Each structure stands twice: as C-alpha cells, then as structure tokens.
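Residues per chain, in single letters:
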Amino acid sequence: MLEINQILQKGRYRVLAQNSQDGGQPSYQAFDNFSKSNVILQKVGEKEGFPASHGIAFANQLVQIKHDSLLNTYDFFSEINGQYLVSETLPGEPINKFIEQNESPTDLTDFIGWADQLLD
C-alpha cells in the first residue's frame, strides 16, 4: 500500500490520498509534478489478468484510446510494490458518498436520469 506524500516514478508523482478500495486493487489521488495536475493512480496486478510481461504493451494501447465517455489514461509504470495506470480525475464525489450524505432516500427518477446520461 502506498503512503500519503510518497514519491513515485523518480519524483514525477506524489500520492495525496487513497480512494476507497471496495475489494479491488487500491487507487490513489496523486499530483503529477510534470504536468502540474491531479491524477488517479490505479494499481493493477496479475490476479486481475494483467500479467507483468504484457503490462507495457497493454498500457501503450490503452494510452492511445481517446473517447469523450472514457477517462483518459496518461501513463503506466512499475515500482517495486506494483504496476500502476495513471488516468485523469473527474470532478465531483462518488455516487456512494452522495447516497450516504443524502438524508432522504434518492428518488428512482434521479437514478434513471443518471443512467440515461451514462448510456448517452
């Protein structure tokens, strides 16, 4: 597990916080000192079908995919404790935090509207 303020990739990335894990590999909020922007570091591992021998080839293909509905992936790197994909951040809070903070149950029509936006 990465520590807050840990520096990765020869000083390029600085870990700001860990995101919720929800049973999968951890992801982290980080700052990219090269581009001067916030990014997400997503740890990937062999148990997710991401063998180290194929990591660089896969990451090179993933970095080339650009679509308005997908997060952009900027980089891939290996450190002693794992392999990481670097992607852009999205503004806002995760939906589970929104639901937890909402004092009344969320209306079904709200969820349907959000699903329509996602499918568009």
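Anyway, here's the lowdown on the structure attached to this text. This structure is a prediction, so every number in the text was calculated from the model and none was measured.

**Considering the pattern of salt bridges**
Next up, step 1: All told, the structure shown has 2 salt bridges when counted by the stated rule.
Next up, step 2: Note that Asp-32 and Arg-12 form a salt bridge whose closest N and O atoms lie 2.9 Å from each other. With Asp-32 in strand β3 (residues 27–32) and Arg-12 in the loop between β1 (7–8) and β2 (13–18), the pair connects residues that are 20 residues apart, well separated along the chain.
Next up, step 3: The salt bridge partner of Arg-12 is Asp-75, with a shortest N-O separation of 3.9 Å. In this pair, Arg-12 sits in the loop between β1 and β2 while Asp-75 sits in strand β5 (residues 73–79), placing the two residues 63 residues apart along the sequence.
Next up, step 4: On the accessibility criterion, Arg-12 (26% relative accessible area) is partly exposed.
Next up, step 5: Taken together, the shared-partner salt bridges connect Arg-12, Asp-32 and Asp-75 into one network.

**Quick look at the pairing of β5**
Next up, step 1: Bridging between β5 and strand β6 (residues 82–88) involves 6 bridges; their strand directions are antiparallel. Residue Phe-76 lies in a different strand from β6, and its bridge partner there is Leu-85.
Next up, step 2: Counted along the chain from β5 to the antiparallel partner β6, the turn is 2 residues long.

The rules behind these values
Residues numbered from 1 in each chain as written. Predicted model: local features only at pLDDT ≥ 70, side-chain atom pairs only at ≥ 80, totals over all residues. Heavy atoms only, no water. Salt bridge = Lys/Arg side-chain N within 4 Å of Asp/Glu carboxyl O. Helix = DSSP H or I, 4+ residues; strand = E, 2+ residues; numbered from the N terminus. Buried < 20%, exposed > 50% of the residue type's maximum accessible area, 1.4 Å probe, protein only. Pairing = 2+ DSSP bridges.

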